[in-house]
Every structure is written in C-alpha cells, then in structure tokens.
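Coordinate inspection notes
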Amino acid sequence: MTTTNPAPTFSGTDTVLNPASGEVAGEVHWTDASDVQGIATGLRAAQREWERRGAKSRAKVLSRFAIWLGDNRDEIEKLLIAETGKSSTDAAQEVPLLIMILSYVIKVMDEAMAPETRPASLPMMRIKKVAIHFRPRPVVGVIAPWNYPVANALMDAIGALAAGCAVLLKPSEQTPLTAELLSQGWKAAGGPDVFAVVQGAREVAEAVIDNSDYVQFTGSTGTGRKVAERAASRLLPYSLELGGKDPMIVCEDADIDLAAHAAVWGAMFNAGQTCVSVERVYVLDAVYDKFVAAVVRDVEALEMGSGEGKHFGSLISDAQLAIAERHVNEAVAAGARALTGGKRAAGPGAFFEPTVLVDVDHSMACMTEETFGPTLPIMKVSSVDEAIRLANDSVYGLSASVFSRDVARAKDIALQLDCGAVNVNDVISNLMCTTAPMGGWKTSGIGARFGGVDGIRKFCRQETVVAPRTNVGAGGNYYHNSLKALARMNGLMTRMALARPRRTAK
Ligand code: NAD
C-alpha cells in the first residue's frame, strides 16, 4: 500500500503524509521561487547588526536556542517521527546531537572570531601591525536532505550563525515541517531576523544559490554536482557533503560480537538512511562464518516500526524503497543470497525488511552504488590487502570502519583507506567528534563541516588590516623620496632578503 506523498504541487499548500502510516503529518506552504530574492534581501539587512554585535552576544542567543531545543524536545521528535516515519529510538538522537554541537560552538565561537595577529615577514615591515579579521559572508544558503531533518538542517547553520552570517535554509521538500518548528524556536529564543526558511524543491534551491554568498549543501552526489556548477557561474564558494558507500573491514583478530553489533546498528540505524551508514562489509575468511552468524542473530532480533519501542522505522518514500528493492533483487538474480529479509514488508508503510546479503561481489550495485536502505552486504576476503583494495574500489570516500583487537594495526589499515574519516572498532562515531573535520573524499564531497574553529571560519572571508605601530620609516618607497635613497633602500632590502637563501643553500 502506498503511504508516501504523491508528487507535490510546489504551489500554494500541500499536505505531508507520514510514510509509515499514510496519516497526515501536517501542511506545508510552498515558497514561490521569485520571493526568495526579497527574503534574502531582508536577511542581508538584518545581518549587519548581527555581525556588529560580536561573538559573545551571539553566543547568548545561540544558548537560548539550545535551551529551547532541550525544552521542546518531545514536540520536535513527535513531528520528526510524523514526517519521516522514523522509530522513536532513531528520532531521539537528533535533538541531543544538535544541542551538543551548539554547546561546543558556543564554547569556541569567541576564539574562532577573534582576529589573529601575524608578525611582519620582512624586518622593514616591523613598523606595522598585521591583523587577520574573520568577516562573515552575509547570507549563507543551507540546502538540506530529508534523512535527518533536524540535525542536517541546522548542524551547519549553527556555525554560520555563530560566525555572524544570516542563514537561508531550504529543507528537503520531503520533510518540510520540522524546519518550520525550528524557525519558530529561533524566534522564541529571541533570535533576530537572520534565520529564514524557504520551502520547495529544485527551483527554490536554485534561487537560494542565486541569492546567497556561500552555499552549504548536503545531499546526493548528483545534485551536489549541479549545485557546484550553478555556484561556479557566480564564483560562489561552497561546501558539499554528499553520498557515500562506507566499507567496514573485519580482521581475523576482531572482537566478532562487537563487530556484528556495530555492523547491524551502522547499517540499519535510521533504516539505513544515513550518509555514513555501513553499506558493505569485508570479512577475513578465518572469521567469516562466525561474523555472518552473529550478524544474522542480531538482525533477527530487530523490531521494525515507526514510533515507540521499535528499532528502526520506514523508509522516507516508495522511491527510496524501490532502490533498496532493486539492489537486493539484482544481487539475488546474480547469485547472492539474502539470509534475512530481502523484500518489502507486508502491510502499509514504506518498510523494507532488514536484509543481510552474502555471496556478493563488485559486479553488483549493492556493493558499488549508495543503497540508503536497511541492507548489509557481506563479502569474504582472503587478506587485509584485498579488503583495502576493495574498500578503495569506489567512487565514494566518505568514511569507513576497521575492526581488530590490535588498534595499532587497525590504525595502519585506516591510513591506507581513501576516505575522510575512519572509525576503529566503532562506526559513525567520528560524527560526534566536532573538533575534527567531517568531509568526504572523491565524489563524497568538497570541503568539510566541523573541525573546531574551522567549522565557523569557513563561513567567513578573511580581511587583512595593516596598521602602523609607528609612522617612523613609513613611505620609504614613495615617489617623493630621492631616486638615490630609493635605490639604496632596494639594495638593502635585497641583501637582507638574500641572507636566508644564502645560509640555507650552504
Ligand atoms: P538530494 O540531492 O535529492 O536533495 C538534497 C537537497 O537538494 C534537497 O533539499 C533538494 O530539494 C535540493 N535540490 C534538488 N535539486 C536541486 C538542484 N538542482 N540544485 C540545488 N538543490 C537541489 O538528496 P536527498 O535524497 O535529500 O538526501 C540523500 C542524500 O544525501 C544521500 O546521498 C546521502 O548520502 C546524502 N547525505 C550526505 C550527508 C553528508 O554529510 N555527507 C549527510 C546526509 C545526507
């Protein structure tokens, strides 16, 4: 039975359905793409004061917003479940993650925005004070996906707001409701008019790119390419957080129960609709049977369903379910075996049974294309080198995980993997380490989020201000000096600058 939204009209108002039940989750009022310019102009006007008030004052507003999120967690999660069909177990992770990110940003934003002084490089410029200021890009366009409507909408917006930018958020057209609630929360926390939400699909997203000074995009690699092209035509900087096909490597000395628990949670969390989910596993032949048995045991204990007391919920739409279905069906037709699930669940809702696939290889889409569903293909390998080669045999390079009791060995394997992050004896945990950058290699992205102060500074332009310590000696190269004095000065400068190369060349 189809429960997901029929093609929306993108004009006027539409109802949003819960993909798990088909019940109405709420109503969305679509933004006319031609209105985006006016909304951006309003943000741009309000941003001046937001920047001028300084980081400490902005931190107070962000703190009040964090408190509002904590106070309204239940209401946010209820709406989140209603518009995504998530289980409450999965939905319960988003608001706390966002509050943790906010708390960290509040801690470091003053340091991030403080100007840096740099020593002058030439002795004769020591009469100058050199300062690098971080000036916010006025309007940051945030284009978000549907898989984490709270976290993905705001985890980057927070850094931009901390930097003193205004944020123009376009949530996914599939999950428009939570963003409206978050925007109400920003106002309730006393946030000024530097945060606006616009609703729509491609056309509105394009208008966001056309009216922003920086684009923060999270979504699929295909759309990311289009964003890059459009931004390039305006010479607009951007950061792209894109798709992945994260591999897990299980060595023969791994804690097999731990690896199995991690693989199952990493693959099924949020019904597999996580950019950094475990999408494929390579297991050394010595422990392959034991690992597969442990995984099947864990998967058979899972309870699927939306809302309370379930492990993971429905997929976002029938279209998303069709991708998982195709990957599984094609693999089985080519000789793979589904040890669990393998099909759409009976009854209403976009539910796909958790599926463990074995006898898979890289000729199959389930091992090479992003599935974004509750599937776990497992492949037997005869050496760690083979596992590394297969893990790297991908157009993606978001993150990976390695399981071995020998942590030094696992770290050595990590440094042979071509991706933005590797978790040793764990999955997805790098996402919680906001002091470290999170970004994809290859077609998984350009740029990164988080990374300590870098996660705030990326939304800024650097402005160098050179001011005098003393005016004595300034203007030595101006035309009013005698030509002889200029020649003497140039000779002196050259001799001084050559001192180091002469010493170093010896
Ligand atoms: P999507 O690319 O279909 O859509 C993302 C956003 O782009 C939506 O808001 C959509 O309206 C908008 N959009 C559509 N056409 C556009 C255009 N021409 N120009 C600009 N914007 C346009 O992605 P999705 O299906 O919503 O999300 C799932 C994808 O997101 C997966 O590939 C997943 O891996 C990826 N993702 C990546 C990360 C990460 O941090 N790397 C995090 C979450 C999701």
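Residues numbered from 1 in each chain as written. Predicted model: local features only at pLDDT ≥ 70, side-chain atom pairs only at ≥ 80, totals over all residues. Heavy atoms only, no water.

Some points on the site of the ligand
Neighbouring the ligand are 30 residues; Ala144, Glu173, Ser220, Thr223 and Glu370 lie closest to it. Interatomic distance of 2.6 Å between a side-chain N/O atom of Glu173 and an oxygen atom of the ligand. Arg449 places a polar side-chain atom, nitrogen or oxygen, 2.8 Å from an oxygen atom of the ligand. Of all the cavities here, the one that holds the ligand is the largest pocket. Those elements that place two or more of their residues in the shell around the ligand are α9 (202-210), β8 (214-218) and α10 (221-233). (Near = heavy atom within 4 Å. Polar contact = N/O pair within 3.5 Å; in protein donor to acceptor, adjacent residues only side chain to side chain. 1 Å grid on protein atoms, 1.4 Å probe; cavity = no way out; pocket = protein on both sides within 12 Å on 5 of 7 lines; lining within 4 Å. Sits in = over half its atoms within 2 Å of the grid points. Helix = DSSP H or I, 4+ residues; strand = E, 2+ residues; numbered from the N terminus.)

Remarks on the UniProt feature "domain: Aldehyde dehydrogenase" (unreviewed entry) in the protein chain
In the numbering used here, UniProt assigns the "domain: Aldehyde dehydrogenase" (unreviewed entry) feature to residues 15-465. Within the segment residues 15-465, helix and strand shares are 41% and 21% respectively, and the terminal C-alpha atoms sit 52 Å apart. (UniProt positions renumbered as here; feature names shortened; annotations may be inferred.)

With respect to the environment of Phe312
Here Phe312 lies in the loop between α12 (285-300) and α13 (318-333). The buried category is assigned to Phe312, whose relative accessible area is 1%. Separated by 224 residues in sequence, Phe312 and Ser88 have C-alpha atoms that sit 8.1 Å apart. The residues contacting Phe312, other than those within four sequence positions of it, are Ser87, Asp90, Met268, Asn270, Ala271, Leu302, Glu303, Met304, Gly305, Phe352, Pro354 and Pro374. (Buried < 20%, exposed > 50% of the residue type's maximum accessible area, 1.4 Å probe, protein only. Contact = heavy atoms within 4.5 Å.)

Thoughts on the pattern of salt bridges
Counted under the stated rule, the structure contains 25 salt bridges. Across the pair Glu77 and Arg73 runs a salt bridge, and its minimum N-O distance is 2.8 Å. In this pair, Glu77 and Arg73 both sit in helix α3 (residues 73-84), 4 residues apart, roughly one turn of the helix. Close ionic contact of Glu303 with Lys310 constitutes a salt bridge, the shortest N to O distance being 3.4 Å. Residue classification places Glu303 among the partly exposed positions, given a relative accessible area of 41%. (Salt bridge = Lys/Arg side-chain N within 4 Å of Asp/Glu carboxyl O.)

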